[in-house]
Amino acid sequence: MNAVKALIEYCADKKLIDDCERNWAVNTVLDVLGTDSVPDIEVPDDADLAAVLGALTDLAVKNGRLENDSVVYRDIFDTELMGRLTPRPAQVIKEFAERYAVSPESATEWYYEFSQDTNYIRRDRIRRDVKWKSETEYGDLDITINLSKPEKDPKAIAAARDLPAAEYPRCQLCAENEGYAGRVNHPARQNHRIVPVSINGSDWFLQYSPYVYYNEHCICFNKEHTPMKIDRACFAKLLDFVRQFPHYFVGSNADLPIVGGSILAHDHFQGGHYTFAMARAEIETPYTFHGYEDVDAGIVKWPMSVIRLRSSEPERIIDLADRMLGAWRGYTDEEAFIFAETDGTPHNTITPIARRHGSDYELDLVLRNNITTDEHPLGVFHPHAELHHIKKENIGLIEVMGLAVLPSRLKDELHAVADCLASGEDLRKSEQTAKHADWAESFRDKYEFTVDNALGIVEKETGIVFSKVLEHAGVYKRDEAGKAAFMRFLDSIR
């Protein structure tokens, strides 16, 4: 099939264009390609969208339409191609509202599928991610090796370095990204559509993450470019979001470096239609707060330090959560190495996560502290150096809930470790496996390794490492001293 016609058929099938718009769509594609007639480029009849766009982008490269034939420039080009054929924002907002009137779930299901159909979420790249579950004492943790984010090539990096500082869009979350053409240091977003939502009386937008770490991985972000802040209003917004989208969870990264997310400058939440191990974890130590006897509360059985609040009355949860946050912000317990501040720098904050259970609202409050020391320069409550061969990056909201987002290097490295364990080779001979040698040798004698089972065992042990990563990030350790210190904090709340 001709590649241009294949793209038009795809867009018609996905209802991105109407049948009456086919001629217009063909001419729009030709305009982007820089040609005045349909080129003789064939693709297999069963070619997927990525293959069709790849063929058309190859033609653009051949015709000199791209500055370089690399992933950054190809992405900018094929995003323009799809952007020309993506319905306008008003059409998307209207469709979402009509479906929301039927049910919130109908609206989000359609919007998620639409965000993939437009290639804003690149299905072909998401499929590259390596995923598995690991059984631990805290339940089945989700592990993913992120391969969907393309690596920038040297030419694009050099070109980005030479660009003047840009102030538009101010960040990758700003509403001004919708329809933006992109540049080598900022992704193209012509095929991106956002939906306005009102959260606790303020203007926000809803979109999906282009990298989708779990089902319907959404981002809800403030209309204004304003810094993230954990406060009473944040709790109210989270609970109002799940009131409007009761099938979703939603949470916020903490608002301090090290324990926060990668974008602290723009207030936003992440949510989705997925149940993490943390949500399945039970309260192991019930606790009754004076004056809030109607709120079910307690410490969750989880490697990090989590207090769960549950009630049919969201205002009661908000009141208690705000009181706990105020107490935690100023709380110091030197015996437990908890310091509210040092030299005027604050350390205590919270990672909150909200969800619904029938008519009840539930809010998990994860206690965070970002203090550093000479021994632990990246953070005392951060994965320590002995775990950096697996996870060195910050522990943000997604990891807190039980999903490890691991670097792409581990795909090959874990395979190499498995090969060594199956063959009996020296793990320290190769640079690729040497960093993992101490870890792999610690469980080498626990199993009978074969070519068939080695990788599965390595993946299982990787999940156990991730559970230790979360334990390191917990401000109260899961021993008697840690439990006693946790109770001291709860008892201090008035």
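Definitions and limits used
Residues numbered from 1 in each chain as written. Predicted model: local features only at pLDDT ≥ 70, side-chain atom pairs only at ≥ 80, totals over all residues. Heavy atoms only, no water. 1 Å grid on protein atoms, 1.4 Å probe; cavity = no way out; pocket = protein on both sides within 12 Å on 5 of 7 lines; lining within 4 Å. Points joined across faces, edges and corners; volume = space filled by probe spheres on them. Helix = DSSP H or I, 4+ residues; strand = E, 2+ residues; numbered from the N terminus. Nonpolar A, V, L, I, M, F, W, Y, C, P; charged D, E, K, R; others polar. Buried < 20%, exposed > 50% of the residue type's maximum accessible area, 1.4 Å probe, protein only. Contact = heavy atoms within 4.5 Å. Polar contact = N/O pair within 3.5 Å; in protein donor to acceptor, adjacent residues only side chain to side chain. Pairing = 2+ DSSP bridges. Axes fitted to C-alpha atoms, helices over the stretch in contact; angles between N-to-C directions. Parallel < 35°, antiparallel > 145°, perpendicular 65-115°, else oblique. Left-handed = near helix turned anticlockwise from the far one by under 90°. Core = buried A, V, L, I, M, F, W, Y, C linked by side-chain atoms within 4.5 Å. Expected span 1.5 Å × (residues − 1). Disulfide = S-S within 2.5 Å. Patch = residues over 30% accessible without salt bridge, like charges linked within 9 Å, V, L, I, M, F, W, Y side chains within 5 Å. Areas by Shrake-Rupley, 256 points an atom, 1.4 Å probe, with all protein chains shown as cover. Salt bridge = Lys/Arg side-chain N within 4 Å of Asp/Glu carboxyl O. Lys, Arg positive; Asp, Glu negative; His and termini not counted. Charge placed at Lys NZ, Arg CZ, Asp CG, Glu CD. Phe/Tyr/Trp six-rings, centres within 6.5 Å; stacked < 30°, edge-to-face > 60°. Lys NZ or Arg CZ within 6 Å of the ring centre and 35° of its normal.

Caption draft 1: Spotlight on empty space enclosed by the protein. Applying the stated criterion to the full structure yields one cavity of 30 Å³ or more. By volume, the largest cavity is sized at about 40 Å³. Every residue along the wall of the largest cavity is listed here: V130, W132, I145, L410, K411, L414, H415, L455 and E459. Listed by contribution, the elements that provide at least two residues to the lining of the largest cavity are strand 1 (130–136), helix 13 (409–423) and helix 16 (454–473). Tallied by class, residues from the lining of the largest cavity come to six nonpolar, one polar and two charged.

Caption draft 2: Summary view of the environment of H347. As for its placement among the helices and strands, H347 is situated in the loop between strand 12 (345–346) and strand 13 (348–357). Given a relative accessible area of 5%, H347 falls into the buried group. Sequence-wise, H347 and G330 are 17 residues apart; in three dimensions their C-alpha atoms are separated by 9.2 Å. Contacts of H347, omitting those with residues within four sequence positions, involve L256, F339, A340, E341, T342, R368, N369, N370 and I371. A distance of 3.5 Å separates a polar atom in the side chain of H347 from the backbone oxygen of T345. Within the structure, the side chain of H347 is placed 2.8 Å from the side chain of N370, a separation counted as a polar contact.

Caption draft 3: Quick peek at the pairing of strand 5 (residues 218–222). Taken across its five residues, strand 5 has five buried, putting it largely inside the fold. Across the two faces of strand 5 the burial is the same, with C218, C220 and N222 and I219 and F221 all buried. Note that strand 4 (residues 202–208) and strand 5 share five bridges and pair antiparallel. Within strand 5, the position partnered with Y208 by the bridge is C218. Where strand 5 lies against strand 7 (residues 268–272), four bridges are found, and the strand directions are antiparallel. Looking at strand 7, one finds that C218 is bridged to G271.

Caption draft 4: The packing of helix 2 (residues 22–33) against helix 4 (residues 71–84), seen in detail. One way to put it is that helix 2 packs onto helix 4 with a least axis distance of 9 Å and a crossing angle of 160°. Our classification of the angle between helix 2 and helix 4 gives roughly antiparallel. Along this stretch, helix 2 crosses helix 4, giving a crossing that reads as right-handed. Packed against helix 2, whose contacting residues are W24, T28, V29, D31, V32 and L33, the element helix 4 presents F77, E80, L81 and R84 at the interface. Its residues placed into classes, the contact of helix 2 with helix 4 shows six nonpolar, one polar and three charged.

Caption draft 5: Layout of the nonpolar core. L7, L206, F241, F289, L309, Y476 and L490 are the most contacted members of the largest nonpolar core, which totals 98 residues. Here this core takes eight residues from helix 1 (residues 3–13), the largest share from any one element. Once residues within four sequence positions are removed from consideration, Y476 is found in contact with S305, W328, Y331, A336, I338, L367, G482, A485, F486 and F489. In terms of nonpolar packing, the next biggest core, distinct from the first, is built from 51 residues, L141, I143, F249 and L410 among them.

Caption draft 6: Helix 3 (residues 49–62), seen in detail. The end-to-end C-alpha separation of helix 3 is 20 Å, in line with the 20 Å expected for 14 residues at 1.5 Å each. Within helix 3, burial applies to L49, V52, L53, G54, A55, L56, T57, L59 and A60. Along its buried surface, helix 3 packs onto helix 1, helix 2, helix 4 and helix 6 (104–117). G64 occupies a position one or two residues after helix 3 and carries a positive phi of about 75°.

Caption draft 7: Broad picture of the layout of surface pockets. Space inside the second largest pocket adds up to approximately 540 Å³. As for the second largest pocket, its lining consists of 23 residues, of which K15, L16, P87, Q91 and E95 are closest to the centre. Counting residues per element, the ones that place at least two in the lining of the second largest pocket are helix 5 (89–102) and helix 6. Classifying every residue of the lining of the second largest pocket gives eight nonpolar, two polar and 13 charged.

Caption draft 8: The state of the cysteines, seen in detail. Throughout the structure, instances matching the rule amount to zero disulfides. Not engaged in a disulfide, the cysteine C220 finds its nearest cysteine sulfur in C218; these two sulfurs lie 7.0 Å apart. By relative accessible area, C220 is classed as buried at 1%.

Caption draft 9: Broad picture of the pairing of strand 9 (residues 296–300). Most of strand 9 is tucked away, with four of its five residues classed as buried. Pairing geometry for strand 8 (residues 283–286) and strand 9, over three bridges, is antiparallel. Its bridge partner lying in strand 9, I283 is registered against V300. Taking the residues that link successive antiparallel strands as the turn, the strand 9-strand 10 (residues 306–311) hairpin has five residues.

Caption draft 10: Broad picture of the side chain of T351. By the element assignment, T351 lies in strand 13. Of note is the side chain of T351, whose polar atom sits 3.0 Å from the side chain of R368. Not counting chain neighbours up to four residues away, the residues in contact with T351 comprise S252, A254, V259, D364, L365, V366, R368 and L397.

Caption draft 11: How the structure looks around a negative patch on the surface. Together, D40, E42, D45 and D46 line one region of the surface with negative charge. On the secondary structure map, D46 appears in the loop between helix 2 and helix 3. In this structure D46 comes out as exposed when scored by relative accessible area, which is 69%.

Caption draft 12: Just the packing of aromatic side chains, in detail. If you walk through the whole model with that rule in mind, you get 29 aromatic pairs. One aromatic cluster is present, built from ring pairs that chain together F96, Y100, W110, Y111, Y112, F114, Y208, F241, F245 and Y248. Positioned above the aromatic ring of Y361, the side-chain terminus of R356 is 4.0 Å from the ring centre.

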